[in-house]
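# Structural description and commentary
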Amino acid sequence: MRVRRQILPAEVKQARAAQRRADVHNNALISARIAAHLTAQEGALDRLRDAHAGIVNGTDFDPLQKTRQGAAWLLAGRCISLGYALPVLLRAGVAVEVAPLARTLHEASNALRIMLDSEEHELHRRWLRDGYFSPKLMEGALKRMEDRMAAEMITQGHTPPGRTDELDRKLYDEWSRIAHNRRSGVLESYHADLRDFAYGAESDPLRRGVWVGYGTQVIVEVTVTVGAGLTKMLGPGTWGTLVEPAVAVLDTSERDHPLDPIALGFDPQRADHESLESR
């Protein structure tokens with residue numbers, strides 16, 4: 001491929017100038033929403049961390065024993081640790097590039113769900129032998145777990161909730177598209193109208209906001225899954241005193257400070273996003 005030197009086209013310069021003006025305006029309107037989400041994310045993780053550390057600080061529990069309970073405690077710690085990395089990157093302005101981390105965190109959360117299920121003996125042994133759960137194995141295990149839960153609820157006279165496997169697959173595929181460096185995933189970082197690639201921190205506050213919102217969704221998943229594990233270890237009262245308050249704060253941030261693409265009017269195909277004020 002041959003390229004020729006050229007002066008940056010006037011229309012690109014105009015688009016960049018318009019984008020800078022929109023960024024300044026939108027940042028003033030969206031910064032409080034982003035701050036509320038990041039504070040809620042870190043607050044939930046702080047609660048989980050303190051309860052998780054308290055198990056080894058205040059009991060003779062040994063997570064190095066090759067038991068399902070030890071494995072669950074270690075995986076819960078992994079979820080919390082990875083969870084902290086998410087708001088650290090988001091505070092630094094990183095957007096699309098958090099997708100590989102979000103994908104790994106989602107995998108860790110699902111691995112913990114498997115460890116919390118007493119029926120998945122073969123997968124428990126696989127992990128304790130230092131194996132891992134491939135996407136196919138994980139998907140199969142999660143489906144079996146939902147089947148068992150649905151059967152039990154029907155036996156008790158309850159209607160089981162809708163399946164989550166399609167939702168999980170959609171979320172996992174979206175993260176994977178970027179994590180695997182597919183063309184469409186890489187193009188998420190290129191702003192065609194501006195002839196500009198986002199190197200590290202994202203200057204567009206709307207793009208940043210959308211990804212902070214995605215981060216909150218992932219932290220909700222981590223809070224519920226890790227919280228379920230801590231509840232099994234610490235007793236049923238843990239759910240009401242630890243998990244529900246943390247999830248409530250996260251839910252409030254999503255409700256009162258919406259960062260979803262629809263609320264922000266975010267169109268990833270456009271470089272010059274309209275002002276939030278006009279929506």
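Coordinates for the structure precede this section.
## Focus on the overall build of the protein chain
Broken down by element type, the protein chain carries 10 helices and 2 strands. The N-to-C order of helical and strand elements in the protein chain reads α-α-α-α-α-α-α-β-β-α-α-α. Expressed along its principal axes, the backbone C-alpha trace of the protein chain runs to roughly 65 × 45 × 40 Å. The long-range fraction of contacts in the protein chain, counting pairs at least 24 apart against all pairs at least 6 apart in sequence, stands at 73%.

## Considerations on the environment of Ala 36
With respect to the helices and strands, the residue Ala 36 is situated in helix 1 (residues 10–58). Taking the relative accessible area as the measure of exposure, Ala 36 reaches 21% and is therefore partly exposed. Separated by 213 residues in the primary sequence, Ala 36 and Val 249 place their C-alpha atoms 9.7 Å from one another. What Ala 36 contacts, discounting residues up to four positions off in sequence, is Ser 253 and His 257.

## Here we look at the pattern of salt bridges
Counted according to the given criterion, the structure contains 14 salt bridges. A salt bridge links Arg 148 to Asp 117, with the shortest nitrogen-to-oxygen separation between them at 2.8 Å. One end of the pair, Arg 148, is in helix 5 (residues 135–155); the other, Asp 117, is in the loop between helix 3 (99–116) and helix 4 (121–128), with 31 residues separating them in the sequence. Classification of Asp 117 by relative accessible area gives buried; the value is 15%. Notably, a salt bridge pairs Glu 122 with Arg 125, separated by 3.3 Å at the nearest N-O pair. Of the two residues, Glu 122 and Arg 125 are both situated in helix 4; the distance of 3 residues between them amounts to about one turn of the helix. A relative accessible area of 42% places Glu 122 in the partly exposed class. One salt-bridge network, in which partners are shared between bridges, spans Asp 117, Glu 120, Arg 144 and Arg 148.

## Digging into unusual backbone geometry
In this model, Asp 130 sits at a positive phi of 75°, which is unusual for a non-glycine residue. Among the secondary structure elements, Asp 130 is positioned in the loop between helix 4 and helix 5.

Thresholds applied
Residues numbered from 1 in each chain as written. Predicted model: local features only at pLDDT ≥ 70, side-chain atom pairs only at ≥ 80, totals over all residues. Heavy atoms only, no water. Helix = DSSP H or I, 4+ residues; strand = E, 2+ residues; numbered from the N terminus. Contact = heavy atoms within 4.5 Å. Buried < 20%, exposed > 50% of the residue type's maximum accessible area, 1.4 Å probe, protein only. Salt bridge = Lys/Arg side-chain N within 4 Å of Asp/Glu carboxyl O.

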